[in-house]
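So you can see what is in the structure, the chains are spelled out below.
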Amino acid sequence: MNIAVVTVVAGRHDHLRAQLRGLAESSVTPAHHVVVSMGDKDIAGIVDASPNDATVVELGAVSHLPLSAARNQGARAAVSSGADLIVFLDVDCIPGTDMLGRYASAAAETDNHRTLLCGPVTYLPPRDVDWTAAELMENTDPHPARPAPPPGLVIDGTDYDLFWSLSFALTPTTWNHIGGFHEEYTGYGGEDTDFAATARAAGVGLRWVGGADAYHQHHPVSSPPVERLDDIVRNSAVFFRRWNRWPMEGWLAEFERAEMIERSRDGRIRVVR
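A brief report on the enclosed structure follows. (Residues numbered from 1 in each chain as written. Predicted model: local features only at pLDDT ≥ 70, side-chain atom pairs only at ≥ 80, totals over all residues. Heavy atoms only, no water.)

## What about the overall build of the protein chain?
Using the following cut-off: Each helix is a run of H or I in the DSSP string that is no shorter than four residues. Each strand is a run of E no shorter than two, and both are numbered from the N terminus. For every residue, the accessible area obtained with a 1.4 Å probe (protein chains only) is divided by the maximum for its type, and the residue is called buried under 20%, exposed over 50%, and partly exposed between those limits. For this analysis, residues touch if any pair of their heavy atoms sits within 4.5 Å. For accessible areas, the Shrake-Rupley method is used with a probe of radius 1.4 Å. Any residue's cover is judged against the shown protein chains and nothing else. His is not counted here, nor are the chain ends, while Lys and Arg score as positive and Asp and Glu score as negative. Charge coordinates come from a single atom per side chain, which is NZ of Lys, CZ of Arg, CG of Asp or CD of Glu.
Across its full length, the protein chain holds nine helices and 13 strands. Taken over the C-alpha atoms alone, the protein chain extends approximately 50 × 40 × 35 Å along its principal axes. Here the protein chain holds 273 residues, and the buried ones make up 51% of them. Residue pairs at least 24 apart in sequence account for 73% of intrachain contacts in the protein chain once pairs closer than 6 positions are excluded. Surface accessibility of the protein chain: about 12500 Å² in total, with carbon and sulfur atoms responsible for 49%. Across the protein chain, the mean location of the 23 positive side-chain charges is 7 Å away from that of the 36 negative side-chain charges.

And the structure:
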């Protein structure tokens, strides 16, 4: 199977290097790795310095990170390269040795090829040295909010709001049927929930792939992510207009309790402070 990995990136250079090392150690070698740089001119040098055969796509200068547009551009490059399977992997994630092979097996066993395939993700603790493949396996502890079947088992999912863009795979047929990510979303939040909602509305299935493990490298976060407030408010309004409900409800509720935003039942939302 011709597998293409798509990674979108701005900053996170050490994380990208770790991902490149992880892909080099994969039990299944991807035929293509498309790295989409969102205005980061250093990405090409990082990729060139690695032994991986990766292609860098430059989006040029950006303001709000165009995550949707970048993923769409990466998918177009993957399809043009002749990929049979597109694997989206967040730049923060190191692939497990068997991740690509598990995704490929699940895709081959899917009858209608119109399915989103999602693998478990382990959130790693902070450390100053590189993770080895053996250490990653020893620290496997998938996020408890998502299904994590045992290796070799693939189960159907029903809650599309659990979909996340950290690690997922699909065929070009499925990608074209969904139509890609909605590019009105810019900056952080909402675009992956919208993508899953679009997939569900289009009759695309959701399956969780045991053993397709990815490992999310540590970086500082805040909860709720107040530094992303403007992005979340803007993208939440887009999502409400398209689906008549709010995304990221937990964060929005926390912002409300802190009197940082106000929202109404008709989809209006604004930053108070």
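Text resumes after the structure shown.
## So, the side chain of H33
Note the following rule: Between N or O atoms, a polar contact is any pair within 3.5 Å; within protein, one atom must be a potential hydrogen donor and the other a potential acceptor, and residues adjacent in sequence are included only when both atoms are from side chains.
Its place among the elements puts H33 in strand β2 (residues 32-37). A relative accessible area of 3% places H33 in the buried class. In this structure the side chain of H33 is engaged in a polar contact, spanning 3.5 Å, whose partner is the side chain of Q19. With residues up to four places along the chain from it excluded, the contact list for H33 reads V5, T7, Q19, L20, L23, D53, A54 and T55.

## Structural notes on the sheet that holds strand β3 (residues 54-58)
As a reminder, the rule being used: In this analysis, strands are considered paired if DSSP registers two or more bridges between them. The convention used is that axes are lines fitted to C-alpha atoms, helices contributing only their stretch in contact, and that angles between N-to-C directions extend from 0 to 180 degrees.
The strand order across the open sheet built from eight strands is β3-β2-β1-β4-β9-β6-β10-β8, with neighbouring strands paired in mixed fashion. Of all strands in the sheet, those bounded by a partner on one side alone are β3 and β8 (154-156). With direction set aside, neighbouring strand axes in the sheet form an average angle of 25 degrees. Of the strand pairs in this sheet, β2 and β3 are connected by five bridges, and their pairing is parallel. Counterpart to V36 in the pairing with β3 is V57. Set on the sheet, helix α4 (residues 99-109) makes contact with β1 (3-9), β4 (85-89), β6 (115-118), β8, β9 (167-170) and β10 (205-209); between it and β4 the angle comes to about 140 degrees.

## Section: the packing of helix α8 (residues 229-243) against helix α9 (residues 249-257)
Counted only if it meets this: Each helix crossing is assigned a hand: it is left-handed if the near helix lies turned anticlockwise from the far helix by less than a right angle, otherwise right-handed if that turn is clockwise. Each residue is assigned to one of three groups, with Ala, Val, Leu, Ile, Met, Phe, Trp, Tyr, Cys and Pro labelled nonpolar, Asp, Glu, Lys and Arg labelled charged, and all others, Gly among them, labelled polar.
At a minimum axis separation of 11 Å, α8 and α9 run at an interaxial angle of 120 degrees. Read as a crossing pair, α8 and α9 show a hand that is left-handed. Judged by residue contacts, L229, I232 and S236 of α8 engage W251, L252 and F255 from α9. Among the residues forming the contact of α8 with α9, the class breakdown is five nonpolar, one polar and no charged.

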